[in-house]
Amino acid sequence: MRAPASGFFRSLSNVNYRIWAGGAFVSNIGTWVQRTAQDWLVLTRLTHHDASAVGLVMALQFGPQMLLLPWTGFAADHFNQRKLLMVTQATMGILALGLGILTVFGLVQLWHVYVFAFLFGSAAAFDAPVRQTFVAELVGDDDLHNAVALNSTSFNAARMIGPAIAGIVIAAIGTGWAFLINGVSFVGVLLSLSALRVGNLQPNIRAHRTKGSFTEGFRYAWGRGDLRAILIMLCLIGTFGLNFPIFISTMAVGVFHTNAQGYGLLSSIMAIGTMAGAFLGAGRKEPRFDLLLTGAAVFGVGCALAAIAPDYWLFTAALVVIGVAALTFTNTTNSLMQLSTAPEMRGRVMALRVGVALGGTPIGAPIVGWVADTFGPRWALGVAAVAGLTAAAVAFVAIPRHEPDAPP
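Please read these numbers as outputs of a predicted model, since none were measured by experiment.

Asks: Describe the overall build of the chain, with residues and values.
Replies: When helices and strands are tallied, the chain shows 17 helices and zero strands. Its C-alpha radius of gyration of 20 Å places the chain within 12% of the 22 Å reference for a compact globule of 408 residues. Principal axes of the C-alpha set define a box for the chain whose edges measure 55 × 45 × 45 Å. By the burial criterion, 59% of the 408 residues in the chain qualify as buried. Partitioning the intrachain contacts of the chain with sequence separation of at least 6 by distance along the chain shows that 88% fall at a separation of at least 24. Accessible surface, the chain: about 15900 Å² in total, of which carbon and sulfur atoms supply 70%. Each charge sign in the chain was given a centre, from 24 positive and 17 negative side chains, and these centres are 5 Å apart.

Here is the structure:
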């Protein structure tokens with residue numbers, strides 16, 4: 001086995017990772033353009049500032065992560081990951097173009113957004129665990145933690161750019177064009193997947209096709225104390241904390257009374273924090289369990305500060321803190337679970353991770369949206385603060401007994 005390279009950008013010394021990262025960055029910008037435009041469309045054009053509708057869109061978009069869990073983990077562990085990614089990415093691009101056409105021609109209705117959110121979420125449910133484990137095929141285990149962090153850096157650099165572009169596009173030519181931009185952006189990642197040097201990939205061990213493979217993956221993860229604690233923390237923060245479209249849109253419109261550009265700016269500024277968290281992660285040699293405690297605690301405190309922020313700019317400062325904490329937490333869970341899991345189980349374990357982190361959204365997003373509508377957006381952020389601090393308590397209890405388990 002080769003010695004791991006050193007340096008912050010060491011994964012970029014791998015030509016396949018460079019090709020993948022370039023295409024993914026273009027697609028990530030488009031993704032953030034669409035996310036911002038979709039929330040704005042629902043909140044201001046299709047409803048009268050109805051946070052519950054935004055929550056329902058999120059529920060439909062992320063619900064398939066849990067609903068399809070037995071099949072997404074199986075696909076990640078058994079199928080050719082590069083080819084499967086090409087199918088999922090192409091599907092999401094076509095869906096984005098479809099929603100864009102409906103919106104540009106003034107035909108879009110709220111139920112259309114619900115349907116497209118569910119279909120997009122179904123494709124993303126197959127895409128997410130494969131995309132996360134595919135990184136190991138690109139760089140191998142030695143540079144996996146660095147590559148995960150650089151992926152997050154790319155995603156959150158796009159998060160700085162995409163919402164700002166969305167705000168300009170919405171104001172200048174309309175919401176539908178933002179969806180069309182996202183649809184075209186998928187060409188970038190499809191070209192990068194086609195251009196990879198297949199002979200240089202380091203394929204993960206493929207699992208044998210057996211009945212009950214999903215339950216085998218669940219038993220494997222739940223039977224280990226470290227993975228069980230991570231899943232509980234992900235459930236808490238994923239269900240009630242990672243509802244940023246609701247938090248940011250309702251605070252922007254309902255509390256600070258800003259326009260589309262001001263809303264887009266909030267999402268972009270939050271990305272400063274997530275970028276910082278990603279950079280910090282890329283500089284670490286390996287993930288540590290105690291970072292989960294720190295990340296969850298700071299996330300809870302940051303949400304509390306955002307809830308009581310008296311003006312727009314102090315709210316943006318709190319978003320930066322939340323961004324650093326959220327990326328520290330999510331990146332650490334990703335790397336810890338991959339590196340400590342047997343290679344032939346990674347797809348199912350990572351599908352379980354994604355399913356738990358995002359699959360709680362159908363429960364949490366409508367609840368948080370209802371809280372925002374009934375008691376105000378600040379109380380919705382208070383729910384996220386409680387979730388973060390509770391997750392930190394889970395980590396605090398787990399740390400004294402935590403011993404990193406090597407893959408069997």
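Right, picking up where we left off after that structure.
Asks: Now, about the packing of aromatic side chains: what can you tell me, with residues and values included?
Replies: The full count for this structure, using the stated rule, is seven aromatic pairs. Aromatic pair Trp-20 and Phe-134: ring centres 5.8 Å apart, planes at 70°, arrangement edge-to-face. Placement of Trp-20 in helix H1 (residues 15-46) and of Phe-134 in helix H6 (residues 110-139) is noted, with a sequence separation of 114 residues between them. You'll find Trp-20 and Phe-134 in the same group, each marked buried. The interplanar angle of 85° and the centroid separation of 5.6 Å between the aromatic rings of Trp-370 and Phe-375 together place this pair among those described as edge-to-face. A relative accessible area of 48% means that Trp-370 is categorised as partly exposed. Site record: aromatic cluster; members linked through ring pairs are Phe-256, Tyr-312, Trp-313 and Phe-315. The ring of Trp-32 has Arg-35 lying over it, and the distance from NZ or CZ to the ring centre is 4.8 Å.

Asks: Explain the domain arrangement of the chain residue by residue, including any values.
Replies: Partitioning the chain into domains gives domain 1 (14-202) and domain 2 (215-402). If you average the C-alpha positions of domain 1 and of domain 2, the two centres end up 19 Å apart. Listed as interface residues are 46 residues of domain 1 and, on the opposing side, 57 residues of domain 2. Interface of domain 1 and domain 2: buried area, both sides summed, is about 4100 Å²; carbon and sulfur atoms make up 69% of it. Considering only the surface of domain 1 that becomes buried against domain 2, Trp-40, His-145 and Arg-159 emerge as the three largest contributors, covering 16% of it. Across the domain 1-domain 2 interface, the total number found is zero salt bridges. Applying the counting rule to domain 1 against domain 2 returns two residue pairs in polar contact (both at pLDDT 80 or more). Listed by contribution, the elements that provide at least two residues to the side of domain 1 that touches domain 2 are H1, helix H2 (51-62), helix H3 (64-67), helix H4 (69-78), H6 and helix H7 (144-172). Top contributing element to the side of domain 1 that touches domain 2 by residue count: H7, with 18 residues.

Asks: Tell me about the state of the cysteines, and please be specific about residues and values.
Replies: Simply put, disulfide is the name for a covalent bond between the sulfur atoms of two cysteines. One pass over the structure, following the stated rule, counts zero disulfides. With no disulfide of its own, Cys-235 has Cys-303 as its nearest cysteine by sulfur position, at a separation of 16 Å. Looking at Cys-235, the relative accessible area reads 38%, which means it is partly exposed. Overall, the relative accessible area of 1% leaves Cys-303 in the buried class.

Asks: With reference to specific residues and values, describe the environment of Phe-396.
Replies: For Phe-396, the location among the structural elements is in helix H17 (residues 377-398). Residue classification places Phe-396 among the exposed residues on the basis of a relative accessible area of 59%. A C-alpha to C-alpha distance of 28 Å links Phe-396 and Phe-315, two positions 81 residues apart in sequence.

Asks: Give a description of the packing of helix H10 (residues 225-240) against helix H16 (residues 361-374) that names residues and reports values.
Replies: Packed helices, taken two at a time, are described by their axes: the angle between them and the distance between them. Their axes nearest at 7 Å, the elements H10 and H16 cross at an angle of 40°. Judged on the interaxial angle alone, H16 and H10 are oblique. In this structure, H10 uses Gly-238, Thr-239 and Phe-240 to contact H16, whose residues at the interface are Thr-361, Ile-363, Gly-364, Ala-365, Ile-367 and Val-368. Its residues assigned to classes, the contact of H10 with H16 shows five nonpolar, four polar and no charged.

Asks: So, the packing of helix H13 (residues 290-308) against H17: which residues are in play, and what are the values?
Replies: H17 packs onto H13 with a crossing angle of 160° between their chain directions and a minimal axis gap of 7 Å. Classed by the angle they form, the pair H13 and H17 counts as roughly antiparallel. As H13 runs across H17, the sense of the crossing is left-handed. Touching Leu-292, Leu-293, Ala-296, Ala-297, Phe-299, Gly-300, Val-301, Cys-303, Ala-304, Ala-306, Ala-307 and Ile-308 of H13 are Arg-378, Leu-381, Gly-382, Ala-384, Ala-385, Gly-388, Leu-389, Ala-391, Ala-392, Ala-395 and Phe-396, all from H17. A breakdown of the residues in the contact of H13 with H17 according to their chemical character gives 19 nonpolar, three polar and one charged.

What counts as what
Here the residue numbers are simple positions, counted from 1 along each chain's written sequence. Totals for whole chains, interfaces and linings use all residues, but because this is a predicted model, local features are given only for residues with pLDDT of at least 70 and pairs of side-chain atoms are given and counted only at 80 or more. To get the side-chain values, take all heavy atoms of the structure and skip hydrogens and water. The helix count covers DSSP runs of H or I at least four residues long, the strand count covers runs of E at least two residues long, and both are numbered beginning at the N terminus. The quantity called the radius of gyration is restricted to C-alpha atoms. Its globule counterpart is 2.2 Å times the number of residues to the power 0.38. Accessible area is worked out with a 1.4 Å probe on protein chains only. A residue is then buried under 20% of its type maximum, exposed over 50%, and partly exposed in between. Residues count as neighbours in contact if any of their non-hydrogen atoms are within 4.5 Å of one another. Using the Shrake-Rupley algorithm and a 1.4 Å probe, accessible areas are obtained, with residue cover drawn only from the displayed protein chains. In this charge count, Lys and Arg are treated as positive and Asp and Glu as negative; neither His nor the chain ends contribute. Note that the charge is assigned to NZ on lysines, CZ on arginines, CG on aspartates and CD on glutamates. When the centres of two rings from Phe, Tyr and Trp lie within 6.5 Å, Trp using its six-membered ring, the rings pair. Their planes under 30 degrees apart give stacked, over 60 give edge-to-face, and anything left gives tilted. Distance and angle both matter: a charge sits over a ring if NZ of Lys or CZ of Arg is within 6 Å of the ring centre and within 35 degrees of the ring normal. The source of the domain bounds is an automatic or database domain assignment. Computed with a 1.4 Å rolling probe, the buried area is the accessible surface lost when two parts are put together, summed over both parts. By salt bridge we mean one thing: a side-chain nitrogen of Lys or Arg within 4 Å of a carboxyl oxygen of Asp or Glu. Whenever a nitrogen or oxygen atom comes within 3.5 Å of another N or O atom, the pair is scored as a polar contact, on the condition that within protein one atom can donate a hydrogen and the other can accept it, and that pairs from neighbouring residues in sequence are kept only if both atoms are in side chains. Cysteine sulfurs are considered disulfide-paired once they come within 2.5 Å of each other. Note on geometry: axes are C-alpha line fits, over the in-contact stretch for helices, and angles between N-to-C directions span 0 to 180 degrees. Any angle between 65 and 115 degrees counts as roughly perpendicular, while under 35 counts as roughly parallel, over 145 as roughly antiparallel, and the rest as oblique. Charged residues are taken to be Asp, Glu, Lys and Arg, nonpolar residues to be Ala, Val, Leu, Ile, Met, Phe, Trp, Tyr, Cys and Pro, and polar residues to be all remaining types, Gly included. By convention the crossing between two helices is left-handed if the near helix lies anticlockwise of the far one by an angle smaller than a right angle, and right-handed if it lies clockwise.

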